[in-house]
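Observations on the model geometry
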Amino acid sequence: MISPEIAETLLRAVAVLNIILCFLEVNAMLYPLARFGLSLLLASFGAIALLPEASLAVKFADGRTAFEAAPRIVGTFSPHTTRNAETTYYFTLYVPENAGESLKALRIEQLPNVETRVLRDNTLKAFQGTPLARADNVPLAAIGGPDDPGEISIVFEQPIQPGQTVTVGIEPNRNPRTENFYQYSLTAFPDGSMGIGLPLGITRILVNGD
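Residues numbered from 1 in each chain as written. Predicted model: local features only at pLDDT ≥ 70, side-chain atom pairs only at ≥ 80, totals over all residues. Heavy atoms only, no water.

**Digging into the packing of aromatic side chains**
What characterises a pair of aromatic rings is the spacing of the ring centres plus the angle enclosed by the ring planes. Tallying each qualifying case throughout the model produces four aromatic pairs. On the numbers, 5.6 Å between centres and 65° between planes, the contact of phenylalanine 91 with tyrosine 184 is edge-to-face. With a gap of 93 residues between them, phenylalanine 91 in strand 2 (residues 89-94) and tyrosine 184 in strand 9 (residues 180-190) connect regions that are remote in the sequence. What makes tyrosine 184 buried here is its relative accessible area of 1%. Here a set of aromatic residues connected by ring pairs shows up, and it is made of Phe77, Tyr90 and Phe127. Lying across the ring of phenylalanine 181, arginine 204 places its NZ or CZ 4.0 Å from the centre. (Phe/Tyr/Trp six-rings, centres within 6.5 Å; stacked < 30°, edge-to-face > 60°. Helix = DSSP H or I, 4+ residues; strand = E, 2+ residues; numbered from the N terminus. Buried < 20%, exposed > 50% of the residue type's maximum accessible area, 1.4 Å probe, protein only. Lys NZ or Arg CZ within 6 Å of the ring centre and 35° of its normal.)

**As for the sheet that holds strand 9**
Read across the open sheet, the five strands follow the order 6-7-3-9-10; overall the sheet is antiparallel. The open sheet has two edge strands, strand 6 (140-144) and strand 10 (198-207), and neither has a second partner. Across the sheet, the mean angle separating the axes of adjacent strands is 20° when strand polarity is ignored. Here strand 6 runs beside strand 7 (residues 151-160); their pairing, made up of four bridges, is antiparallel. Across the sheet, residue alanine 142 finds its bridge partner in strand 7, namely valine 155. (Pairing = 2+ DSSP bridges. Axes fitted to C-alpha atoms, helices over the stretch in contact; angles between N-to-C directions.)

**What to know about the sheet that holds strand 1 (residues 72-77)**
Ordered in space as 1-2-8-4-5, the five strands form an open sheet in which the pairing is antiparallel. Only two strands of the sheet have a single neighbouring strand rather than two, namely strand 1 and strand 5 (133-137). Pairs of neighbouring strands in the sheet enclose a mean axial angle of 30°, with direction left out of account. Bridge count for strand 1 against strand 2 is five bridges, and the pairing is antiparallel. Pairing of arginine 72 across the sheet is with tyrosine 94, part of strand 2.

**Quick word on the pattern of salt bridges**
On inspection of all chains with the given rule, the structure shows four salt bridges. Between aspartate 62 and arginine 64 there is a salt bridge, and its shortest N-O distance comes to 2.9 Å. (Salt bridge = Lys/Arg side-chain N within 4 Å of Asp/Glu carboxyl O.)

**Considering the nonpolar core**
In terms of nonpolar packing, the biggest core is built from 29 residues, with Phe91, Leu103, Ile108, Phe156, Val168, Tyr184 and Leu186 touching the most fellow members. Sorting the residues of this core by element identifies strand 2, strand 3 (103-110), strand 7, strand 8 (165-170), strand 9 and strand 10 as the ones contributing at least two each. Setting aside its immediate chain neighbours within four residues, valine 168 contacts Tyr89, Tyr90, Phe91, Leu106, Ile108, Leu124, Lys125, Ala126, Ile154 and Phe156. (Core = buried A, V, L, I, M, F, W, Y, C linked by side-chain atoms within 4.5 Å. Contact = heavy atoms within 4.5 Å.)

**Looking at the confidence of the model for the protein chain**
Residues at a pLDDT of 70 or more form 70% of the protein chain, whose mean pLDDT is 77. Mean pLDDT values over the elements of the protein chain span from 46, in helix 2 (residues 30-43), up to 96, in strand 2. Across residues 21-36, where pLDDT falls below 50, the model places 16 contacts with residues more than four positions away in sequence or in other chains. A low-confidence stretch, residues 38-57 stays under pLDDT 50, and its non-local contacts, those more than four residues away or across chains, total 46 contacts. (pLDDT = per-residue confidence, 0-100.)

What follows is the structure, encoded as structure tokens:
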């Protein structure tokens, strides 16, 4: 039985390594090797590898909560990809059945690029399902974030339960004027006042020419 301190350290380390695996996945040769190596590393500490299909059960006596299996990024969608166009960015997540905790909050942050888009919090909406298979609206309890215009935090009024898919839509102040892939990192927070944020990885939105 590992201590809560070691478990928390492993949880955060694996979250970072999961992001690395997302990049390596584009290389069919490197990804299996990296995945196998990560599994061996965590097994040596008596833990279970937190890979996209696996889980790591973490319980804390002080009231902190953590996911047992990470929510997954289903996809990112923008109906208008041309430069300087008005559009909505949609971020879709799936909370797996074995997540162990429901999804209470989500942080979206644009990574550094040639331009930073202002994510307008007064345009934010959430609903169950995907942009092409939309279901019931999901009420929001709070919206906010730091002064960074490329970052926003969303708190759901009712946590998203394991087995459910949720989409968050938000309008930028138009698409960037420069053609590029614009990357966003997503961090999920489980239900509870002391939920530990879990980085889910990086997704991207393409902005192209006219």
